[in-house]
Amino acid sequence: MRRVLAPYERTRSPNALKLKAYSDAECKVVAHNTGKGKYAGKLGSLTCEQETATKDTPRLMRFKIGSGFSDKERQDPPPLGSIITYKFYGTTKNGLPRFAVFHRIYQNP
């Protein structure tokens, strides 16, 4: 997105912004994986499950989400069995979410 009357600039500018569309979905937390390096002794990633239907056959997808957590959330991660919302940018050829990022713990309206 760019301001119409803004002149061209060779560097980063508030006059031109990149807009990235993403999708979001919910999944169930089934495991906590400990971190390495900077996150040793804290949450490194979550293993999540989500049920999907492919060609009239229900399938249980299992994948990991390792980014999007604050330091506070890494100290006290979402409990096992809780539902979380994550965002992603498309899917892989196997139907898994591409670049899944933790968004928030799901709040049922």
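Scroll up to find the structure this text is about.
Here is what the cut-offs are and how they apply
- Residues numbered from 1 in each chain as written.
- Predicted model: local features only at pLDDT ≥ 70, side-chain atom pairs only at ≥ 80, totals over all residues.
- Heavy atoms only, no water.
- Helix = DSSP H or I, 4+ residues; strand = E, 2+ residues; numbered from the N terminus.
- Rg over C-alpha atoms; globule rule 2.2 N^0.38 Å.
- Buried < 20%, exposed > 50% of the residue type's maximum accessible area, 1.4 Å probe, protein only.
- Contact = heavy atoms within 4.5 Å.
- Areas by Shrake-Rupley, 256 points an atom, 1.4 Å probe, with all protein chains shown as cover.
- Lys, Arg positive; Asp, Glu negative; His and termini not counted.
- Charge placed at Lys NZ, Arg CZ, Asp CG, Glu CD.
- Phe/Tyr/Trp six-rings, centres within 6.5 Å; stacked < 30°, edge-to-face > 60°.
- Lys NZ or Arg CZ within 6 Å of the ring centre and 35° of its normal.
- Core = buried A, V, L, I, M, F, W, Y, C linked by side-chain atoms within 4.5 Å.
- Polar contact = N/O pair within 3.5 Å; in protein donor to acceptor, adjacent residues only side chain to side chain.

*Asks:* Describe the overall build of the chain, naming the residues involved and giving the relevant values.
*Replies:* The helix and strand tally for the chain stands at one helix and five strands. The secondary structure elements of the chain, listed N-terminal to C-terminal, are β-β-β-α-β-β. Taken over C-alpha atoms, the radius of gyration comes to 18 Å for the chain, far larger than the 13 Å a tight globule of 109 residues would show. Each principal axis of the C-alpha distribution contributes one length, and for the chain these read about 50 × 40 × 30 Å. For the chain, with 109 residues in total, the buried portion stands at 28%. Once local pairs closer than 6 in sequence are excluded, the contacts in the chain between residues at least 24 apart make up 44%. Here the chain has roughly 8300 Å² of accessible surface; of this, 52% comes from carbon and sulfur atoms. Of the charged side chains in the chain, 20 are positive and 9 negative, and the gap between their average positions amounts to 10 Å.

*Asks:* Summarise the packing of aromatic side chains; cite the residues concerned and give the values.
*Replies:* Inspection of every chain in the model, using the stated rule, returns four aromatic pairs. The interplanar angle of 35° and the centroid separation of 5.5 Å between the aromatic rings of Tyr 86 and Phe 88 together place this pair among those described as tilted. Phe 88 matches Tyr 86 in its accessibility class, with the two residues each being buried. Sitting over the face of the ring of Tyr 39, Arg 74 holds its NZ or CZ atom 3.9 Å from the ring centroid.

*Asks:* Account for the nonpolar core, with residues named and values stated.
*Replies:* Membership of the largest hydrophobic core comes to 15 residues, with the highest contact counts inside it found for Cys 27, Leu 46, Cys 48, Phe 63, Ile 65, Ile 84 and Tyr 86. Only strand S1 (23-34), strand S2 (43-54), strand S3 (57-65) and strand S4 (83-88) provide two or more residues apiece to this core. Residues contacting Ile 84, with those up to four places away along its chain left out, are Ala 25, Glu 26, Cys 27, Val 29, Leu 46, Cys 48, Ile 65, Pro 78, Phe 102, Arg 104, Ile 105 and Tyr 106.

*Asks:* For the side chain of Thr 47, give the residues involved together with the corresponding values.
*Replies:* Tracing the chain through its elements places Thr 47 in strand S2. By relative accessible area, Thr 47 is classed as buried at 10%. Within the structure, Thr 47 has its side chain in polar contact with the side chain of Asn 33 (distance 2.9 Å). With near-sequence residues (within four places) excluded, Thr 47 lies in contact with Lys 28, Val 29, Val 30, Ala 31, Asn 33, Arg 62, Phe 63 and Lys 64.

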